[in-house]
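Below are the chains, spelled out letter by letter.
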Amino acid sequence: MKPSILLKIILLLLIIISSNYTSFSDSLSNPNWKITFLGNASFYIKTEEKKFFFDFPYKSGAFGYAKYSKDQLQIPDSNSLLFFTHSHADHYSRKFVKKLYQKVYGPKNLLLFYPKKRKVDLFSDLGNEIKIDCFNSKHNLAINHLTYLLKIKNIKVLITGDTENTKILKKIGQVEILVTTPWLLLKIINEGLINDYKLIFLTHIKPGQKIINKLPNKVIIPEISASFAFSGIEII
């Protein structure tokens, strides 16, 4: 092989490596964000501007799922927004939400109980750090159910809610972080979709329920009040 040809090949490899490294470095240079789990399927994501709560507050201890203290109802502040996947008691409490003042977003049957001034506008209320898309999905015995796709800079976070169907996941495709349930994770594995996700948070687990985590490098089962701070996709 001629030296000139070898040099061109080396330069090409360096360009490819440099391109991949730059892409990875860009993801790590994102402003830090944090996810904190509150019990059952509820958690909030905190960016530099706002807190985004999902399925909180719910009825504490509903259907045998995790209880939480009334002090936790003070966590949502003036920079918080409340999002709900559906109106089942283990995901939503109208009694508690009515006592709060933050804006609310959820399925249409849930939003019927709130005036316009308390409804989240997905275009004007989110700030500059995050974009949220919602998709209609199916859940047994739920009148309406939503699945949420968050984009925090170039990081995608998919919140499935309680849907039992992978159809919406296949429509959305690959994302960096998935927040889901044990029953949907089982379907994801059986249908060969596990590699669509870099990191998975498993929620909706009853106190004392034993889950064998066979994918510890990919799946995290968070404890109540556990927080995970991120820079891009990396936990820091």
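Refer to the structure presented above.
Residues numbered from 1 in each chain as written. Predicted model: local features only at pLDDT ≥ 70, side-chain atom pairs only at ≥ 80, totals over all residues. Heavy atoms only, no water.

S.K.: Looking at this model, I keep getting lost on the overall build of the protein chain. Mind explaining?
M.R.: Scanning the protein chain for helices and strands turns up 5 helices and 13 strands. Here the protein chain holds 236 residues, and 49% of them are scored as buried. The long-range fraction of contacts in the protein chain, counting pairs at least 24 apart against all pairs at least 6 apart in sequence, stands at 46%. Carbon and sulfur atoms provide 56% of the accessible area of the protein chain, an area that totals close to 12900 Å². (Helix = DSSP H or I, 4+ residues; strand = E, 2+ residues; numbered from the N terminus. Buried < 20%, exposed > 50% of the residue type's maximum accessible area, 1.4 Å probe, protein only. Contact = heavy atoms within 4.5 Å. Areas by Shrake-Rupley, 256 points an atom, 1.4 Å probe, with all protein chains shown as cover.)

S.K.: I'm lost on the environment of Asn-165 in this one. Help?
M.R.: Mapping Asn-165 onto the fold places it in the loop between β8 (155–159) and α4 (167–172). Considered as a pair, Asn-165 and Leu-184 are 19 residues apart in the sequence and their alpha carbons are 7.2 Å apart. One polar contact links the side chain of Asn-165 to the main-chain amide nitrogen of Lys-167, over a distance of 2.7 Å. (Polar contact = N/O pair within 3.5 Å; in protein donor to acceptor, adjacent residues only side chain to side chain.)

S.K.: Can you walk me through the packing of aromatic side chains in this structure?
M.R.: Pairs of aromatic rings are described using the distance from one ring centre to the other and the angle between the two planes. Taken as a whole and assessed by the stated rule, the structure comprises 18 aromatic pairs. Three or more aromatic residues joined by ring pairs form one cluster here, namely Trp-33, Phe-37, Phe-43, Phe-52, Phe-54, Phe-83, Tyr-105, Tyr-148, Phe-201, Phe-228 and Phe-230. Over the aromatic face of Phe-113 sits the side chain of Arg-94, whose NZ or CZ is 3.8 Å from the ring centroid. A cation over a ring is seen here: Lys-98 above Tyr-114, with NZ or CZ 5.0 Å from the ring centre. (Phe/Tyr/Trp six-rings, centres within 6.5 Å; stacked < 30°, edge-to-face > 60°. Lys NZ or Arg CZ within 6 Å of the ring centre and 35° of its normal.)

S.K.: Hey, could you run me through the sheet that holds β8 in this one?
M.R.: As a general point, the strands of a sheet are linked pairwise by backbone hydrogen bonds and lie either parallel or antiparallel. Taken in spatial order, the 6 strands make up an open sheet running β6-β7-β8-β9-β10-β11, and their pairing is mixed. Unpaired on one side and paired on the other, β6 (130–136) and β11 (219–220) mark the two borders of the sheet. Note that strand β9 (residues 175–180) and strand β10 (residues 197–202) share 5 bridges and pair parallel. Bridge pairing in β10 places Val-175 opposite Tyr-197. Relative to the sheet, helix α5 (residues 182–190) contacts β9, β10 and β11, its axis offset from that of β10 by approximately 150 degrees. (Pairing = 2+ DSSP bridges. Axes fitted to C-alpha atoms, helices over the stretch in contact; angles between N-to-C directions.)

S.K.: What is the right way to look at unusual backbone geometry in this model?
M.R.: As a rule of thumb, non-glycine residues mostly have phi less than zero, and peptide bonds are mostly trans rather than cis. Of note, the amide linkage connecting Phe-56 to Pro-57 takes the cis form, showing an omega dihedral of 5 degrees. Located in the positive-phi region is Lys-153, a residue other than glycine, with phi close to 55 degrees. Topologically, Lys-153 is positioned in the loop between β7 (146–152) and β8. Since its relative accessible area comes to 46%, Lys-153 is described here as partly exposed. The backbone of Ser-225 sits at a positive phi, close to 75 degrees, despite the residue not being glycine. Inspection of the secondary structure puts Ser-225 in the loop between β11 and β12 (227–231).

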